[in-house]
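Results of the structural survey
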Amino acid sequence: MTASTDVPIAPDARLHAATHGSAAEPGATGRAGAKAILLGEHAVVYGRPAIAVPVRALGVEAVARPAAGPGRLSSTLYHGPIARAPERLAVTMTAMRAALAAAGQPTAHLDIAIDSSIPAERGLGSSAAVSAAVIEAVLGACGYTADDETMHELIQTAERAAHGAPSGLDARTVRARAAVWFDGGRIERVAVGSDLVFVIADTGVRGRTREAVAAVAQRRAEAPAAVERSLDELGSLATDLREHVSHGDRAAIGDAMARAHVLLNGLGVGDPALDHLVDAATAGGALGAKLTGGGRGGCVLALASDAASAVELSERLTRAGAAAVWTTTVEGSS
Ligand code: PMV
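Summary of the structure given here. (Residues numbered from 1 in each chain as written. Predicted model: local features only at pLDDT ≥ 70, side-chain atom pairs only at ≥ 80, totals over all residues. Heavy atoms only, no water.)

**Structural notes on the overall build of the protein chain**
Tallying secondary structure elements over the protein chain gives 9 helices and 13 strands in all. Its C-alpha atoms give the protein chain a radius of gyration of 20 Å, within 12% of the compact-globule value 20 Å for 334 residues. Considering only C-alpha atoms, the protein chain reaches an extent of 60 × 45 × 35 Å along its principal axes. The 334 residues of the protein chain split such that 52% are buried. Partitioning the intrachain contacts of the protein chain with sequence separation of at least 6 by distance along the chain shows that 75% fall at a separation of at least 24. For the protein chain, the computed accessible surface area is about 14,000 Å², with 51% contributed by carbon and sulfur atoms. (Helix = DSSP H or I, 4+ residues; strand = E, 2+ residues; numbered from the N terminus. Rg over C-alpha atoms; globule rule 2.2 N^0.38 Å. Buried < 20%, exposed > 50% of the residue type's maximum accessible area, 1.4 Å probe, protein only. Contact = heavy atoms within 4.5 Å. Areas by Shrake-Rupley, 256 points an atom, 1.4 Å probe, with all protein chains shown as cover.)

**A short note on the pairing of strand β10 (residues 196-202)**
Among the 7 residues of β10, 7 are classified as buried, and the element is accordingly described as predominantly covered. The alternating pattern of β10 places Leu196, Phe198, Ile200 and Asp202 on one face and Val197, Val199 and Ala201 on the opposite face, and all of these are buried. Here β10 runs beside strand β13 (residues 324-330); their pairing, made up of 7 bridges, is antiparallel. When the bridges of β13 are listed, Asp202 appears paired with Ala324. (Pairing = 2+ DSSP bridges.)

**A closer look at helix α2 (residues 126-141)**
Helical geometry: 3.6 residues make up each α-helical turn, so side chains three or four residues apart lie on a common side. Its 16 residues give α2 an end-to-end C-alpha distance of 22 Å, which sits within 8% of 22 Å, the value for a rise of 1.5 Å per residue. Two residues or fewer after α2 comes Gly143, characterised by a positive phi angle close to 95 degrees. (Expected span 1.5 Å × (residues − 1).)

Below you can see the structure in the form of structure tokens.
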């Protein structure tokens, strides 16, 4: 079905009239998924490359529909008028406003429902994924869709509210369906030589990305040479890792992950709860394990030898006190 001519001209030239109806949809849906950074968090803020993988077990769906009166928000964190949403939802509200502004309908009243299985503040890209889903839903409810670049810029508007100067890695990867290489603000699909089975274990400690990013910046101001050396090494590890992933060299991938964890600790973004789960993963047969995302809490990403070992590893991490455990397989692509 094509859009009819009474669809308003998009105020933002990069938006396109939605092709599924002739006017604002009664209920438009947006979706995004969780991501785990395989290697390169923090270094990516300083221009080094990173590799991230989708976590298919976790995702978010947002539905937006025109409201009769003042819009309401329905989510696990809050049910009530959008105008009175708590500070904790400031990023989501920024995403909604950015989408409404792009659609030229800044004062439109929408009811928005968010259903997310991605734990918040655990380094799994929850804020970017929720923003992506809300933006897609809000644009849809206003009768528009956006291309990838426009979506990225709108998600980044919200991410800036979350932690100042985001690299764009999260904004790119929560909409990606494959392992991605992120460099210079852009992503490319990474060739994957053979299936990689990861176990993600949640420390239960809230990750503090903004604080962790600020801590690295401060350390870099105080000891620039040492920090640059670590960032360079993380960058080289990511570059080599891309090769290891494309060859399906699990042992080398695991070694790179273990080294990255040490370097990240050195940058001041570790946490004893992360070390505890990294140690438990290693003792439980993981080929490598590291913190993933901003750090100072959040999750550990561990590479299992295969699917059967991932089951044992998950049990081991649960026994070690993980608040939650997920398994995600990155399928071989070549
Ligand atoms: O904690 P998360 O999922 O928001 O990941 C943050 C990744 C960082 O590299 C630490 C910051 C960034 O902007 O890339």
